[in-house]
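Listed below, chain by chain, are the residues.
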2 protein chains.
Amino acid sequence: MKKFKRFTNPAILCTLLFVITSCDNKEESRPNTLEINNSTHPSLILTQDGVAKIKAELGNMPIFSKELQTVKNEVDAEIALGINTPVPNDYSGGYTHERHKTNFFIMRKAGVLYQLLEDEKYAKYVRDMLFQYEDMYKNLPPHPQTRSYARGKLFWQCLNDSNWLVYVSQAYDCIYNYLSAEEREKLETNLFRPFADYISIENPQFFNRVHNHSTWGNAAVGMIGLVMDDEELVNRALYGIKNDKLDASAKDNDGGFIKNEDGKAGFLANLEEPFSPDGYYTEGPYYQRYAMYPFLVFAEGLQNLKPDLKIFEHKDSVLIKSVHTLLNLTDADGEFFPLNDAQKGMSFHSRELVTAVDIAYHYGGRDPELLSIARKQGKVLLDDTGLSVALGIKNGKDEEFNKKSIKLTDGSNGKKGGLRVLRSGNQDFSLVFKYSAQGLSHGHYDKLSFLLNEDGDEVIQDYGMGRFVNIEQKGGGNYLKENTTWAKQTIAHNTVTVNESSHFNGKYEIGSKHHSNLYLFDANKKSIQLVSAKDTVAYPGTEMHRTMVVITDENFEKPYVLDIMRLTSNENNQYDLPYYFMGQLIDTNFEYNVPKSLKALGTKNGYQHLYLEGLGSPFEGNTKISWLNKGRFYTLTSALKKTDELLFTRIGANDPDFNLRRDASILFRRKNTKNTLFASTIESHGGYSPVSEFAVNTKSTISEIKILLDTEDYIAIRIVDVYDNTKDFIMAINNASENEKHILIIDNREYQWTGAYYFK
Amino acid sequence: MKKFKRFTNPAILCTLLFVITSCDNKEESRPNTLEINNSTHPSLILTQDGVAKIKAELGNMPIFSKELQTVKNEVDAEIALGINTPVPNDYSGGYTHERHKTNFFIMRKAGVLYQLLEDEKYAKYVRDMLFQYEDMYKNLPPHPQTRSYARGKLFWQCLNDSNWLVYVSQAYDCIYNYLSAEEREKLETNLFRPFADYISIENPQFFNRVHNHSTWGNAAVGMIGLVMDDEELVNRALYGIKNDKLDASAKDNDGGFIKNEDGKAGFLANLEEPFSPDGYYTEGPYYQRYAMYPFLVFAEGLQNLKPDLKIFEHKDSVLIKSVHTLLNLTDADGEFFPLNDAQKGMSFHSRELVTAVDIAYHYGGRDPELLSIARKQGKVLLDDTGLSVALGIKNGKDEEFNKKSIKLTDGSNGKKGGLRVLRSGNQDFSLVFKYSAQGLSHGHYDKLSFLLNEDGDEVIQDYGMGRFVNIEQKGGGNYLKENTTWAKQTIAHNTVTVNESSHFNGKYEIGSKHHSNLYLFDANKKSIQLVSAKDTVAYPGTEMHRTMVVITDENFEKPYVLDIMRLTSNENNQYDLPYYFMGQLIDTNFEYNVPKSLKALGTKNGYQHLYLEGLGSPFEGNTKISWLNKGRFYTLTSALKKTDELLFTRIGANDPDFNLRRDASILFRRKNTKNTLFASTIESHGGYSPVSEFAVNTKSTISEIKILLDTEDYIAIRIVDVYDNTKDFIMAINNASENEKHILIIDNREYQWTGAYYFK
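An account of the accompanying structure is given in this report. (Residues numbered from 1 in each chain as written. Chains lettered and ligands numbered in written order. Predicted model: local features only at pLDDT ≥ 70, side-chain atom pairs only at ≥ 80, totals over all residues. Heavy atoms only, no water.)

Looking at the pattern of salt bridges
All names here are of chain A. Here is the rule we go by: Every case where a carboxyl oxygen of Asp or Glu lies within 4 Å of a side-chain nitrogen of Lys or Arg is listed as a salt bridge. Counting from the N terminus, the helices are DSSP H or I runs at least four residues long and the strands are E runs at least two residues long. Type-normalised accessible area, obtained with a 1.4 Å probe on protein chains alone, sets the label of each residue: buried when under 20%, exposed when over 50%, and partly exposed for intermediate values.
Within this structure, the stated rule accounts for 87 salt bridges over all chains. Between Asp 230 and Arg 193 there is a salt bridge, with its nearest N and O atoms 1.9 Å apart. A residue pair is termed long-range when its members are at least 10 positions apart, and Asp 230 in the loop between helix H8 (212-228) and helix H9 (231-239) and Arg 193 in helix H6 (residues 181-199) qualify at 37 residues. For Arg 193, a relative accessible area of 29% gives the class partly exposed.

What to know about the pairing of strand S2 (residues 418-423) of chain A
Residues and elements named next belong to chain A. Heads up, the condition is: Two strands qualify as a pair provided that DSSP identifies no fewer than 2 bridges between them.
Most of S2 sits out of view: 6 of its 6 residues are buried. Here S2 shows a buried face lined by Gly 418, Arg 420 and Leu 422 and a second buried face lined by Leu 419, Val 421 and Arg 423. The pairing of strand S1 (residues 406-409) with S2 spans 4 bridges and is classified as antiparallel. Looking across to S2, one finds that Leu 408 is bridged to Leu 419. As paired elements, S2 and strand S3 (residues 429-435) share 6 bridges and run antiparallel to each other. By the bridge assignment for S3, Gly 418 is matched with Tyr 435.

Brief notes about unusual backbone geometry
His 41 of chain A connects to Pro 42 of chain A through a cis peptide bond whose omega is -5 degrees. Residue position: Pro 42 of chain A is located in the segment before helix H1 (48-57). Not every positive phi belongs to a glycine, and Asp 229 of chain B is a case in point at roughly 55 degrees. Tracing the chain through its elements places Asp 229 of chain B in the loop between helix H8 (212-228) and helix H9 (231-239). The backbone of Asn 605 of chain B shows a phi angle near 60 degrees, a positive value even though the residue is not glycine. As for its placement among the helices and strands, Asn 605 of chain B is situated in the loop between strand S13 (592-593) and strand S14 (610-616).

Brief notes about H8 of chain A
Residues and elements named next belong to chain A. Our working rule: To estimate how far a helix should extend, the number of its residues minus one is multiplied by 1.5 Å.
Taking 1.5 Å as the rise per residue, H8 with 17 residues should run 24 Å; its terminal C-alpha atoms sit 24 Å apart, in good agreement. Along H8, 17 of the 17 residues are buried, which leaves the element largely enclosed by surrounding structure. One or two residues past the end of H8 sits Asp 229, with phi positive at roughly 55 degrees.

Points about the interface of chain B and chain A
Put simply, the test is: Two residues qualify as a contact provided that any one of their heavy atoms is within 4.5 Å of a heavy atom in the partner residue. Buried surface area refers to the total accessible area, computed with a probe of radius 1.4 Å, that the two partners give up upon joining, counted for both partners together. Pairing of N or O atoms within 3.5 Å defines a polar contact, subject to two protein rules: one partner must be a possible hydrogen donor and the other a possible acceptor, and residues neighboring in sequence count only if both atoms are side-chain atoms.
The interface is formed by 70 residues belonging to chain B together with 70 residues belonging to chain A. Between chain B and chain A, roughly 6300 Å² of surface is buried when both sides are summed, and carbon and sulfur atoms account for 56% of that area. At the boundary of chain B and chain A, one finds 4 salt bridges. Lys 699 of chain A is the partner of Glu 472 of chain B in a salt bridge, and the nearest nitrogen-oxygen pair spans 3.2 Å. Run the count over chain B and chain A and you get 25 residue pairs in polar contact (both at pLDDT 80 or more). Going through the elements one at a time, helix H3 (95-117), helix H11 (285-305), strand S12 (584-588), S14, strand S17 (645-651), strand S20 (687-688) and strand S21 (695-696) of chain B are the ones with two or more residues in the side of chain B that touches chain A.

Digging into the pairing of strand S19 (residues 676-685) of chain B
Residue and element names in this part refer to chain B. Where burial is concerned, most of S19 is hidden: 10 out of the 10 residues are buried. By the alternation rule, side chains of S19 split into Thr 676, Phe 678, Ser 680, Ile 682 and Ser 684 and Leu 677, Ala 679, Thr 681, Glu 683 and His 685, which are all buried. Relative to S19, strand S16 (residues 632-639) runs antiparallel, the two being bridged by 7 bridges. The partner of Thr 637 across the bridge, within S19, is Thr 681.

Some thoughts on the relation of the copies chain B and chain A
Rules: Alignment of the copies relies on least squares applied to C-alpha atoms, considering only residues that score at least 70 for pLDDT in both.
Between chain B and chain A, which share one sequence, the superposing operator has a rotation angle of 180 degrees and an axial displacement of 0.0 Å; the RMSD is 0.1 Å. On this basis, the relationship between the two copies can be described by a two-fold rotation axis. Closest to the rotation axis within chain B is the C-alpha of Leu 598 of chain B, separated from it by 2.4 Å. Take the interface residues of chain B: 100% of them recur as interface residues in chain A, which is what a same-surface contact looks like.

Things to note about the sheet that holds strand S23 (residues 714-721) of chain B
Residue and element names in this part refer to chain B. Let me state the cut-off plainly: Whenever a helix is involved, its axis is fitted only over the stretch in contact; in every case the axis is a line through C-alpha atoms, and angles between N-to-C directions fall within 0 to 180 degrees.
Read from one edge of the open sheet, 4 strands run S22-S23-S24-S27, paired in antiparallel fashion. On the outer flanks of this sheet lie strand S22 (702-710) and strand S27 (757-759), each paired with one strand and no other. Direction aside, neighbouring strands of the sheet carry axes that sit 10 degrees apart on average. Note that S23 and strand S24 (residues 726-732) share 7 bridges and pair antiparallel. Residue pairing for S24: Tyr 714 is matched across the bridge by Ala 732.

This is the structure we're talking about:
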């Protein structure tokens, strides 16, 4: 295996200004077809019209020129290295995988450079590489690695083969007119059509699903079909394969069902089903980001070549909406909230989001807020959409992207639960609350879970996925077994686990049929925002009702969170509620013991991965836990029962390959209980600088949180601050009507209000 | 206890431009003494001449104006809050401690503002606060908290009282002429003189030492003496108290001896002893930073008022040298290498280093490299030295501070071992190797230890201190017991522990008498830099000889480290050599088992704080361990014996208050051995971006490291890379002469060279 000697950081952008150089040394004398408008190519993503406009504006748009120079440097370096199309052998992260992956990225870029720079060396490079693939593909068997439910040929799974074709379709379109008719015929007959057939007809279990895998497959087949002007391929892409004869009980490698319930397939079905009317993609933002590229780039091709389909207006413009949704599901640093299977750190700086933002801007009404994201991304697509964005930025049209509290429904009809993000004004305090559907095979068993993020830093974390994407040494860069045994389990999340068993018993077949339900959402007031949802399906016979409130109070340095988890059951249960706080424990107000040796907390359902690091009992009154993270102090104050157990846990037990992070939690355990309530506040306060060594406002501002009432109809929580100011939060729990009048007497005091809740 | 409602981040700088406002509303009609040059005040730090020059240049120096505005905002906010001098009660982090601390900072600043802005409200504020102190101090008993070996009155230790007086002396000097003679008489009689006497004559165990505590005490007494024109106080500060009758065996809270061996005391002794001729301060950079403020600010006062003392030329200009040393002991982010007791994150952005850089620039020959540090600091002192720096920056005189490989001796005569930093060219790869003396009471038992830092990130960490400075909840912000039981112990460091006992048996009395010795140092070549040192004192009868080499080789992406630890003993020993790597384990090439439950590795000497997380055996040939940290891959490749044990450890056992970080190490254990050699390489390679999800150059470039020879006279190591290139490193171990000729035959191959080592 040859090694890279130099580390090339793809994030480093060259700041040189681009200068067009004329090419005097044409290696072969072919007619320069670019000068004659004798054809419709390029027409898929780049268009002839777009190329002309770009050339007219070049040198006039710094962000475009910078990106063009970056791409030119990258492609020139690859051309200098020579073409290499090794016989496929490796999993992701391995040499042949990474080489073929680089090849398709570079072919697309070289095609674009050929169009924009009119330098034939780029067209020749693409042509020569395509013919090496043509030569190899003719006799290529399925990939030697057998782990996938749908093996590719160039890669270990059809998914990556589809990636290849999505990119190569664009390259082919760019050099279409450079090639002779015979060359095109040869490539289409020996490479593109068999390639498209292999990932569709020969692998319907991959192609004919509602899943991000199939979206890639559909886009791949459709895009090469558009370039080849092959209506049959385009229709196959749009509507799927009829009579696929798939087994209704078959599953993929991630445990997801192959066959869609209603039998629909194809690109339009993939557009229809996983997106809610709000543009939320049921797998979560990490996979939405991954799927957005084929969705948008194929849609762009369809818009250019089949404009009558009006693809961008489909389902009330869901594709454009989905880009805004995705941007709203990022923290202050632009990183996606890691819901379901998600690798942390993925952000709107990714290439997929550059595509998404540029296409959404160009085809979605030129929203000036998208330009500020493009400015932060620092790059644009080298096509018609990137031109629009670059001109928009150049002309100073950008406006700040304004992230607010948002409501997102889940399910194709918006009726399968959802997601809420509560955001406070200036502090960029984001509370993400999840009461969605399962999220297909990448979903986690975490009904009514939440995460809390402050200014781009995790305060209460969602673990994310158990996977090191593309790092070969870690299980070939694929999902690790700890993703199933730990990351997907309920106990890995900030929600209740009943009787040490995950929601739906961790069974995908059950979980994928159900969802939680919103009870109440109000994000209109300055002093209080809340979301409340119920779940009756995760544990049959047990209802979970969680209400999360963000309160802004002038006595407090920052907004704080009130978290109320109400449980109702017809049986005695053990309720475990963990908070995965990030940072160093600073203080508690209760006694606890640390064990002499660390043992796993259980044997299954994720408990086998938790060490018990400390065990204590609640302090009379309130339990307080403070920690320090990235220079900020946090305090969790909880109204607990004296018989509760307080468990300090740490992830890492039964982890033979050190795949898990050694992160902490405090876990509240209440045993032998039917109906009960947990109530806590989470404050962010003060700060610490290791440079000044000043510690400011290191203590909680809450002196007491008290459960005043917990009946069949109401819950009432009192919060007293250290200045002896009192706030009462009361909520009707079976009547969310805005107009209902309530009168309630608690401790001889009468409360009257209209609407579902009271807060004063 | 009153709480701060707003979080004030002292690092946030106001960017408003400063505008001088004339003060029309004088509260009292006093003569404006600033206009009449009838006195020598201010004369200590600010001078009358300096004030005039600053006023002439104001508005002309952005960095100065910005700082002036920042300070004005801060002082104005404090004036608005009103004066508060509470009865002392708390440890650090507590309210009364923090209040008195803020008071002295603000008084000094208010004094400066009075001089520069000619607004009497600042003088009045200082005067009124001083009289509140005068009123309280007269009858104030020692501080109620009794933990310190030298209790203060305003604070729990004389150290903090001395801080107060160092700052307040400057404030007093600034408003000296504003006060009436009666007012000055009253303050000097009832406050300043008793204050100075209390921290000196009444606490000789604090004042009469060679220690950073005493440096503060000396400066405090000397500076108030200079302002009061009291020769007796100044002499007490410079030369200490005669006949202090201190007990030679007494110790302070940190276990350090009170009484200096030769009985010397006072500022000049403190300047003489702990600094080596190279300007290295024996306690290490964290405490050097802390001590620099009183050293430099008192020196500045002496230079202004006792210029004949030529304090800045003392000991071959050691004070100025020490500033350069301190700056060289920072990583790429300006953070100090955390040697001995040190809190991580402390950097050249601290207020002490702003002082140090400005004073060193003004009094030390106006080195333009210091200006680039001042520019990064973004602030200057509001005095004559800050004026020089601000003008230097404004006039574009700054040059980049060039950090190179450096050699620093330890001990007042430079003969007590030392420290070396090997730096590679562009990569900011810093290897810090320590073979110093004990470092007084803040020293650690870590002979021949090292740390490795890349571009501001820790690769192989030194744990630093077990303390959360000024965070009251963590043991009053003071040293935690884990500092002694863990952080100071040998096993907490990247060096050899013999028979599970710390160097010198962890006995300060012994350790403080000894030091290691340099064997060889060569930082002149591009391809190889090395440092080699021996220790015969940490374990009587056992010699440790460590050689650390940084090799730059074009086959490697970056420079890599060769680490050779040679041990010679007259008895069979167990040798433990840990590497505290930072980040997530990626891969090993050997088998290991993880235990079902985690137990402490031992019962004492730090071993009680380590969990054993995995136990394995070396792979035939070489042992490889790879990890990922902050987007970079690292590999440790080691030539070990098949009978060695490989222990994965994690810090955190027997840590009932969660005071320790849960960091990992790989520990090589070799049992029942007299003479032996450990040889390893450490490579940094490739990278990973969670945004692009590209993993580049994820594997080591070394295919083999082999011990060719280990005799009484030579060691020879062979390194083979994956391209089959071979490099041999041979070193004579008892003859470091540059001129000696060597001929050696290994495996029938003859090596000839001149000098202590061969590398080819």
